[in-house]
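The primary structure of each chain is shown beneath.
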Amino acid sequence: MPHSEEDIRLMMEKIGVSSLSDLYSDVPGEVILKRDYNLPSAMSEIELRKHFKELGSKNSPMIIFGGMGVYDHYSPSVISHLLSRSEFYTAYTPYQPEISQGTLQYIFEYQSMISELTGLDATNASMYDGATAAAEVMFMMVASSKKKDRVLISSTLLDNVRKVIETYAKYHGVKVTIVPEKDGVTDLESIYSELAKNDVAGVILPTPNKYGIIEDFTGVADKVHENKSLFGIYADPSTLAVLRSPAEWGADVACGDGQSLGMPLSFGGPYLGYISCNKSMLRKMPGRVVGATKDIDGKRGFVLTLQAREQHIRREKATSNICSNQSLMALYATVYLSLMGREGLKEVNKLSCDGAHYLYNKLIETGKFHPVYDKPFLKEFVVSTDLNMEKVNKALMSHGIMGGIVLENGNVAFAVTEKRSKEEIDKLIELMLEV
């Protein structure tokens with residue numbers, strides 16, 4: 001403890017007490033603990049390291065073939081070393097630009113990189129995960145529209161994302177309509193018929209969708225905008241290195257989970273949600289936006305901009321209560337994207353795509369797995385099977401492999417990233433055939 005006995009004596013003398021117990025004189029005696037705390041004995045550094053090593057050995061790292069929104073992409077080791085620097089790891093909200101230039105600069109770079117991937121004008125920093133980002137986009141759509149309180153959500157959006165949107169909507173008076181799917185993709189004709197009712201503030205569609213399918217949104221933006229509604233796309237940012245961007249589809253806003261940008265699975269977090277939008281929606285976007293400017297001497301500097309939309313200023317006009325994410329994971333994405341660059345991201349997607357298609361073909365060749373959708377996919381796909389996948393996955397786990405994710409309808413979703421080798425895929429096939 002930092003206080004010496006002399007420090008404590010002087011403080012007690014200053015406030016007029018004779019002992020530390022006097023500070024608790026107003027606490028009833030029956031609620032005061034009268035025995036020692038039940039705490040383990042202190043350990044030396046050597047003992048503590050051994051203790052944590054033993055705890056860590058209980059974890060079982062897996063070779064992962066599951067996805068459904070979180071993917072086992074490679075995490076360059078340099079990222080964790082940079083993030084653990086004290087100026088990053090302990091940084092707080094950068095309200096004082098004079099002493100926060102480093103934090104403000106990396107947030108600015110993060111926003112610039114995500115905006116380049118989405119093709120949209122601005123990006124915030126930052127949301128907790130993709131699901132809450134999607135819910136905030138729903139609020140942005142309603143806040144930007146005139147007397148329209150309904151949002152259309154595709155049933156091909158990830159189930160956890162859809163459920164979070166529905167939960168947020170329930171307590172904010174927003175109506176959510178789930179658009180049905182057809183052959184694994186959004187039924188666009190259903191969207192158009194709903195738009196005709198003239199009460200739709202916005203539409204949110206996924207790419208790739210929960211089945212790993214790359215949906216075709218040709219003409220959707222025109223139909224949505226004709227109705228004076230907003231078009232949003234929930235996109236995996238890693239895939240935007242090779243797929244058409246939300247801006248190219250004509251979207252007004254995009255959101256998604258940045259976990260695919262090299263973030264470890266980590267038992268479910270922490271992850272990173274992003275929102276990008278066009279200028280017309282900028283003042284409705286939660287989180288913070290960092291801008292580049294020049295100081296009085298003409299030197300480049302960075303500042304927080306458009307803070308009026310956050311709840312700590314003009315609270316009655318705030319569209320969200322999200323503004324406390326201190327952007328450590330945004331820094332993670334920034335370092336990852338800086339290391340990968342354009343060609344690195346393309347290579348990640350190429351290797352993932354090649355591996356996923358190799359696994360898909362091998363599964364079909366066994367005769368025990370069958371195609372479900374004849375649609376393009378990148379790194380994830382769905383197949384059907386007569387095998388008892390609960391039994392199969394249990395057997396795989398005993399060999400250090402996490403197999404496919406069984407969906408509610410009994411189909412199985414597999415995902416392959418650049419980390420999966422041909423040998424690992426062949427081993428997966430071999431083990432499944434033995435069960």
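These lines cover the structure that appears in this document, whether it is placed above or below. Quick caveat, the model's predicted, so the values are computed rather than measured. (Residues numbered from 1 in each chain as written. Predicted model: local features only at pLDDT ≥ 70, side-chain atom pairs only at ≥ 80, totals over all residues. Heavy atoms only, no water.)

**What to know about the environment of Lys-391**
Then, number 1: Inspection of the secondary structure puts Lys-391 in helix α11 (residues 389-397).
Then, number 2: Given the relative accessible area of 53%, Lys-391 is considered exposed. (Helix = DSSP H or I, 4+ residues; strand = E, 2+ residues; numbered from the N terminus. Buried < 20%, exposed > 50% of the residue type's maximum accessible area, 1.4 Å probe, protein only.)

**Remarks on the sheet that holds strand β3 (residues 150-154)**
Then, number 1: What the seven strands build is an open sheet, ordered β2-β10-β9-β8-β7-β3-β4; its pairing is mixed. Every interior strand has two partners, whereas the edge strands, β2 (122-123) and β4 (175-179), have only one.
Then, number 2: For strand β9 (residues 253-257) and strand β10 (residues 273-277), the ladder comprises five bridges, and the chain directions are antiparallel. Bridging across to β10, Ala-254 finds its partner in Ser-276.
Then, number 3: Of the strands in this sheet, β3, β4, β7 (200-207), β8 (230-235), β9 and β10 touch helix α6 (residues 130-144), which is tilted by about 160° from β9.
Then, number 4: Along the sheet, helix α7 (residues 159-170) contacts β3, β4 and β8; its crossing angle with β4, the most-contacted strand, is approximately 155°. (Pairing = 2+ DSSP bridges. Contact = heavy atoms within 4.5 Å. Axes fitted to C-alpha atoms, helices over the stretch in contact; angles between N-to-C directions.)

**A short note on the packing of aromatic side chains**
Then, number 1: Counted by the stated rule, this structure contains eleven aromatic pairs.
Then, number 2: On the numbers, 5.9 Å between centres and 35° between planes, the contact of Phe-139 with Tyr-168 is tilted. Taken as a pair, Phe-139 in helix α6 and Tyr-168 in helix α7 lie far apart in primary sequence, 29 residues in all.
Then, number 3: Overall, the relative accessible area of 11% leaves Phe-139 in the buried class.
Then, number 4: Put simply, the rings of Tyr-360, Phe-369, Phe-377, Phe-381 and Phe-414 pair up and form one aromatic cluster.
Then, number 5: When the ring centre of Tyr-71 is taken as origin, the NZ or CZ atom of Lys-379, which lies over that ring, is 4.1 Å away.
Then, number 6: Over the face of the ring belonging to Phe-65 we find Arg-420, whose NZ or CZ atom lies 6.0 Å from the ring centre. (Phe/Tyr/Trp six-rings, centres within 6.5 Å; stacked < 30°, edge-to-face > 60°. Lys NZ or Arg CZ within 6 Å of the ring centre and 35° of its normal.)

**Overview of the sheet that holds strand β13 (residues 369-371)**
Then, number 1: Pairing within the open sheet is antiparallel, and its four strands lie in the order β13-β14-β17-β16. In this open sheet, the two strands that pair with only one neighbour each are β13 and β16 (405-406).
Then, number 2: The pairing of β13 with strand β14 (residues 380-385) spans three bridges and is classified as antiparallel. Bridge assignment links Phe-369 to a residue of β14, and that residue is Thr-385.
Then, number 3: Relative to β14, helix α10 (residues 328-365) is tilted by about 10°, and along the sheet it contacts β13, β14 and β17 (412-415).

**Digging into the packing of α10 against helix α12 (residues 422-434)**
Then, number 1: Where α10 contacts α12, the axes come no closer than 10 Å and their chain directions differ by 25°. Looking at the two axes, α10 sits roughly parallel to α12. Crossing of α10 over α12 shows right-handed handedness. Taking contact as the criterion, the partners of Gly-355, Tyr-358, Leu-359, Lys-362 and Leu-363 in α10 are, on α12, Lys-422, Ile-425, Asp-426, Leu-428, Ile-429 and Met-432.
Then, number 2: Looking at the contact of α10 with α12 residue by residue, the class counts come to seven nonpolar, one polar and three charged. (Parallel < 35°, antiparallel > 145°, perpendicular 65-115°, else oblique. Left-handed = near helix turned anticlockwise from the far one by under 90°. Nonpolar A, V, L, I, M, F, W, Y, C, P; charged D, E, K, R; others polar.)

**Topic: the side chain of Asp-257**
Then, number 1: With respect to the helices and strands, the residue Asp-257 is situated in strand β9.
Then, number 2: Lacking a salt bridge, the buried Asp-257 has Lys-379 as its closest oppositely charged neighbour, with an N-O distance of 11 Å.
Then, number 3: Of the polar contacts made by the side chain of Asp-257, one reaches the backbone nitrogen of Gly-130; its length is 3.0 Å.
Then, number 4: A polar side-chain atom of Asp-257 sits 2.9 Å from the main-chain amide nitrogen of Gln-259.
Then, number 5: Once residues lying within four places of it in the same chain are set aside, the contact partners of Asp-257 are Asp-129, Gly-130, Tyr-234, Ala-235, Pro-237, Tyr-271, Leu-272 and Tyr-274. (Lys, Arg positive; Asp, Glu negative; His and termini not counted. Salt bridge = Lys/Arg side-chain N within 4 Å of Asp/Glu carboxyl O. Polar contact = N/O pair within 3.5 Å; in protein donor to acceptor, adjacent residues only side chain to side chain.)

**With respect to the nonpolar core**
Then, number 1: With 49 residues, the main nonpolar core has Tyr-110, Ile-191, Val-203, Phe-231 and Tyr-336 as its most contacted residues.
Then, number 2: Every element with two or more residues in this core is listed here: α3 (77-83), α5 (101-118), α8 (188-195), β7, α9 (220-226), β8, β12 (300-305) and α10.
Then, number 3: With eleven residues, the top contributor of residues to this core is α10.
Then, number 4: Counting residues in hydrophobic clusters, the runner-up holds 38 residues, among them Ala-131, Val-137, Leu-282 and Leu-407. (Core = buried A, V, L, I, M, F, W, Y, C linked by side-chain atoms within 4.5 Å.)

**Here's the deal with the pattern of salt bridges**
Then, number 1: Counted according to the given criterion, the structure contains 20 salt bridges.
Then, number 2: Note that Arg-420 is salt-bridged to Glu-424, the shortest N-O span being 3.0 Å.
Then, number 3: Each of Asp-72, Lys-419, Arg-420 and Glu-424 takes part in one network of salt bridges that share partners.

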